[in-house]
Amino acid sequence: MWKKAVDLFVTYMGSGILVAWFVISLVYLYLKERDSVKRIVFLYFPVIVLVLYFNPLFVKMVYGIIGEEIYYRFLWIMPMTLTISYTTVSICGRLKKGLQPFFAGLCTLLIVISGKLIYVNPFFSVAENEYHVPEAVVQICDAIAVEGREITAAFPMEMVQYVRQYDSTICMPHGREAILWDWGMDFPLLELLVQEEIDVEDLVYLTRDTENGGRFPCNYIIVREGTVLLGDLEKHGIVLFDTIEGYDVYFDTTFYIGY
Amino acid sequence: MIVWGSLILLFWLGILPVIVGSIFTGKGCINNNSIVYRFMSGNMLLWAVFQVICVPCVVKEKSFVLVVTGYVLVSLLLFAIGIFCGVKNPLRPERSRRPELGEKLAVTVFAILLLLQVVCAVVLTYADGDDAFYVAVSSITNSSNTMYMINPYSVGATELDVRHGLAPFPVWIAFLARVSGLHTTMVAHVIVAVYLILMSYGAFYLVGVQLFRDKKQMLPPFMVFVSLQVLFGDNSFRTPENFMLARSRQGKAAMGSIIIPMIVFLMLVILNQLKEARAVGIRTWIALAATVTAACLCTTLGTFLTCMMIGVMGICSLFVYKKWRTVGQMALCCIPAVCFALLYFVLG
């Protein structure tokens, strides 16, 4: 448990430079800061937070309440950014006027080196529309939605997390919980939809037969364009509805949809 | 539609908080002339009110319409009180000193960095799986008028989700979408994202003002360094800086980068008044209690984090200033968090 807390701390802090800078800030405040208020907020408080964070008894108690996954959020209350910024500016203010721009430049460089620019994070991308969900999701949802009714559609994995953000009247037989916890085990349809070749009989079975494996009857089935379907879908009453933004949208004509 | 909706949101997110924030001004209050202080404290009170109205409705499985109606009525009442207080304590332009060249430069750099972050919040998107829950909850709430009763991930009704239902930040987003008529997803991903970033810097600014009361020329460089650390704060996906810029529509982000700096700011105000042997005004205590309650809106963990912050700083102040009464008052401000925490354990 304690080791996990240490691991969380290490991954939370990233490069050691930031930790070093923070520790130097605390030492500086201990030696130079005379204002008791600032000492409480930026020296005593962070030190106590750190002591508590690494205290095995505290770890055990808090783990019991909030769980180990989010224990790192306890570190949020330690005002690292504010402490480092305050210390940097305080030191800068004590220097001679001529040295201040150099010191400020050096500290800026240190921030750039010790941290990571957030916008180069690979999870960032240019938004495709004002909703910040993939345009394919928007267009498919707009095409299949029925006003005043809920419909069910099976989407491939990459679209699952966006569909109900955009349109909550579109239900799915599998949602993000399938990706999070039970990938490929209790959600065979999700696994099937990302295959390059899909057996039509399996697809029909998993999107219709709710008593024997399928979770919910699906009005629509969305697969990536170019997916090879092994068999004849039309024989089962499932027809190609449209091809939208690189996805084939199939419509199951055997279910009432409320038109 | 978008123009009309934007004007409505300008009222709810811009004008209303500033007017309501006037309640926290008056004799004995600091920051009377700061529009940022009024904006931030007004927001804290409005979030607290939303929490107090929404949670009972969630627990009792009432309609979202009831929350909207109740919150609109109470907000308008606060608006009227705020106007009354604002007339008594109007914003007066302070005598500004002539800024030095370095200060001007720092203000310009900060403005550029802030603009960059706002523009990026609009034109860039961050693929975060948690949005499949939080944004979907907002979307479902707005479209179905139910709260935490429908599985946001896939389909079907579900049991009341107490853990998330006690911190109904997504319902606040649904409220904004409902009153403005704008698409919930757009409100969450664009408008709320930008708004929370601006609020974060509002909180950082207030902290800076308290830190550099006697050296105002140090405030712009302080804001620049804070901004740089936020921009380069992606040391891991767990930092509050990452949450602030990447997941800025989630309550957790608001907790890390708005509520916590606001608690720091209010504790600086209170401790400074203790140090100077001045009485802490009732409005400051109300602002602290409101911020604690607002923390509960953002995340259930807010109950624990805010109490820890106030508790540890309070005990430190006891050793330094020996003022039992003030520590008792700090403890009273934690009562809302304790109540919501108890509710969590009782219902959970």
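Residues numbered from 1 in each chain as written. Chains lettered and ligands numbered in written order. Predicted model: local features only at pLDDT ≥ 70, side-chain atom pairs only at ≥ 80, totals over all residues. Heavy atoms only, no water.

A. Just the packing of helix α12 (residues 282–298) of chain B against helix α14 (residues 324–333) of chain B, in detail. Residue and element names in this part refer to chain B. Where α12 meets α14, the closest approach of the two axes is 8 Å, and the angle between their N-to-C directions is 40°. Here Trp285, Leu288, Ala289 and Val292 of α12 come into contact with α14, specifically with Thr326, Gln329, Met330 and Cys333. Residues that form the contact of α12 with α14 fall into these classes: six nonpolar, two polar and no charged. (Axes fitted to C-alpha atoms, helices over the stretch in contact; angles between N-to-C directions. Helix = DSSP H or I, 4+ residues; strand = E, 2+ residues; numbered from the N terminus. Contact = heavy atoms within 4.5 Å. Nonpolar A, V, L, I, M, F, W, Y, C, P; charged D, E, K, R; others polar.)

B. Seen up close, the interface of chain A and chain B. Contacts between the two partners involve 74 residues from chain A, matched on the other side by 76 residues from chain B. Summed over both sides, the interface of chain A with chain B buries roughly 7200 Å², with 69% coming from carbon and sulfur. Of all residues in chain A, the largest losses of buried area upon contact with chain B belong to Trp76, His132 and Gln165 of chain A, amounting jointly to 11% of the total for that side. Taken together, chain A and chain B are joined by three salt bridges. For the pair chain A and chain B, the number of links is 33 residue pairs in polar contact (both at pLDDT 80 or more). Among the elements of the structure, α1 (2–13), α3 (36–54), α4 (56–66), α5 (80–94), α6 (100–114), β1 (124–126), α8 (157–166) and α9 (176–180) of chain A are those that each provide at least two residues to the side of chain A that touches chain B. The greatest single-element share of the side of chain A that touches chain B, amounting to 10 residues, is contributed by α3 of chain A. (Buried area = accessible area lost by both parts, 1.4 Å probe. Salt bridge = Lys/Arg side-chain N within 4 Å of Asp/Glu carboxyl O. Polar contact = N/O pair within 3.5 Å; in protein donor to acceptor, adjacent residues only side chain to side chain.)

C. Examining the nonpolar core more closely. Counting 210 residues, the largest nonpolar core has Tyr71 and Phe155 of chain A together with Trp47, Trp172, Tyr201 and Phe222 of chain B as its most contacted members. The leading source of residues in this core is helix α11 (residues 251–275) of chain B, at 17 residues. In this structure, tryptophan 47 of chain B is in contact with Phe169, Trp172, Leu196, Met199, Ala254, Ile258, Ile259, Ala294, Leu297 and Cys298 of chain B, ignoring residues within four places of it in sequence. Counting residues in hydrophobic clusters, the runner-up holds 15 residues, among them Leu192, Ile221, Leu233 and Tyr250 of chain A. (Core = buried A, V, L, I, M, F, W, Y, C linked by side-chain atoms within 4.5 Å. Buried < 20%, exposed > 50% of the residue type's maximum accessible area, 1.4 Å probe, protein only.)

D. Structural view of a nonpolar patch on the surface. Residues Tyr44 and Ile48 of chain A together with Ile315, Phe319 and Val320 of chain B make up a contiguous nonpolar surface patch of roughly 440 Å² in combined accessible area. Contributions of two or more residues to the nonpolar patch are made by α3 of chain A together with α13 (301–321) of chain B. Ranked by the residues each element gives to the nonpolar patch, the list is headed by α13 of chain B, at three residues. Along the chain, tyrosine 44 of chain A turns up in helix α3. What makes tyrosine 44 of chain A partly exposed here is its relative accessible area of 30%. (Patch = residues over 30% accessible without salt bridge, like charges linked within 9 Å, V, L, I, M, F, W, Y side chains within 5 Å. Areas by Shrake-Rupley, 256 points an atom, 1.4 Å probe, with all protein chains shown as cover.)

E. Molecular detail of the pairing of strand β2 (residues 151–154) of chain A. Residues and elements named next belong to chain A. Of the two faces of β2, the one holding Ile151 and Ala153 and the one holding Thr152 and Ala154 are both buried throughout. Sheet topology note: the β2/strand β3 (residues 170–171) ladder contains two bridges and is parallel. Within β3, the position partnered with threonine 152 by the bridge is cysteine 171. Bridge count for β2 against strand β5 (residues 220–224) is two bridges, and the pairing is parallel. Within β5, the position partnered with alanine 153 by the bridge is tyrosine 220. (Pairing = 2+ DSSP bridges.)

F. View of the pattern of salt bridges. Within this structure, the stated rule accounts for 14 salt bridges over all chains. Close ionic contact of aspartate 7 of chain A with lysine 3 of chain A constitutes a salt bridge, the shortest N to O distance being 3.5 Å. Taken together, the residues span about one helical turn, with aspartate 7 of chain A and lysine 3 of chain A both in helix α1 at a distance of four residues. Linking glutamate 100 of chain B and lysine 97 of chain A is a salt bridge whose minimum nitrogen-to-oxygen distance equals 3.1 Å. Taken as a pair, glutamate 100 of chain B in the loop between α3 (64–88) and α4 (101–123) and lysine 97 of chain A in the loop between α5 and α6 lie in two separate chains rather than in one. You can call lysine 97 of chain A exposed: its relative accessible area is 59%. Through salt bridges that share partners, Arg176 of chain A together with Asp128, Asp130, Arg247 and Lys252 of chain B make up one connected network.

G. Molecular detail of empty space enclosed by the protein. This structure, assessed with the given rule, holds six cavities of 30 Å³ or more. When its volume is computed, the largest cavity comes out at roughly 330 Å³. In this structure, the largest cavity is lined by 28 residues; those nearest its centre are Met78, Met80 and Thr81 of chain A together with Pro240 and Glu241 of chain B. Of all the elements in the fold, those that place two or more residues in the lining of the largest cavity are α1, α2 (16–32), α5 and α6 of chain A together with α10 (240–246) and α11 of chain B. The biggest single contributor to the lining of the largest cavity is α11 of chain B, with five residues. Across the lining of the largest cavity, the residue classes tally to 18 nonpolar, nine polar and one charged. Estimated volume of the second largest cavity: approximately 70 Å³. (1 Å grid on protein atoms, 1.4 Å probe; cavity = no way out; pocket = protein on both sides within 12 Å on 5 of 7 lines; lining within 4 Å. Points joined across faces, edges and corners; volume = space filled by probe spheres on them.)

H. Quick look at the packing of aromatic side chains. According to the stated counting rule, one finds 40 aromatic pairs over all chains in the structure shown. Taking 5.5 Å as the distance between ring centres and 85° as the angle between the ring planes, the aromatic pair formed by tryptophan 47 of chain B and phenylalanine 169 of chain B counts as edge-to-face. Highlighted residues: tryptophan 47 of chain B in helix α2 (residues 35–59) and phenylalanine 169 of chain B in helix α7 (residues 169–180), separated in sequence by 122 residues. With respect to burial, tryptophan 47 of chain B and phenylalanine 169 of chain B carry one shared label: buried. Relative to phenylalanine 204 of chain B, the ring of tyrosine 201 of chain B lies with its centre 5.7 Å away and its plane at 70°, an arrangement referred to as edge-to-face. You can see tyrosine 201 of chain B and its partner phenylalanine 204 of chain B sitting in helix α8 (residues 184–211), three residues apart, about one turn around the helix. Judged on exposure class, the residue tyrosine 201 of chain B and its partner phenylalanine 204 of chain B are both buried. Stacked on the ring of tyrosine 72 of chain A, the Lys or Arg arginine 238 of chain B has its end atom at 5.1 Å from the ring centre. A cation over an aromatic ring shows up here: arginine 247 of chain B above the ring of phenylalanine 243 of chain B, its NZ or CZ 4.0 Å from the ring centre. (Phe/Tyr/Trp six-rings, centres within 6.5 Å; stacked < 30°, edge-to-face > 60°. Lys NZ or Arg CZ within 6 Å of the ring centre and 35° of its normal.)

I. Spotlight on a positive patch on the surface. A cluster of basic residues, Lys32, Arg34 and Arg94 of chain A together with Lys215 of chain B, forms a positive patch on the protein surface. Tracing the sequence through the fold places arginine 94 of chain A in helix α5. What makes arginine 94 of chain A exposed here is its relative accessible area of 55%. (Lys, Arg positive; Asp, Glu negative; His and termini not counted. Charge placed at Lys NZ, Arg CZ, Asp CG, Glu CD.)

J. Representation of the sheet that holds β3 of chain A. All names here are of chain A. Pairing is mixed across the open sheet formed by five strands, whose spatial order is β3-β2-β5-β8-β7. In the strand order of this sheet, the two ends are held by β3 and β7 (238–244), each with one partner. Helix α7 (residues 135–144) rests against β2, β3, β5, β7 and β8 (247–252) of the sheet, and its axis sits at about 135° to β7.

K. How the structure looks around the confidence of the model for chain B. All names here are of chain B. In this model, chain B carries a mean pLDDT of 93, and residues with pLDDT of at least 70 account for 99%. Of all the helices and strands in chain B, helix α6 (residues 162–165) carries the lowest mean pLDDT, 86, while α7 carries the highest, 97. Two numbers describe this predicted complex: its pTM, 0.94, and its ipTM, 0.93. (pLDDT = per-residue confidence, 0-100.)

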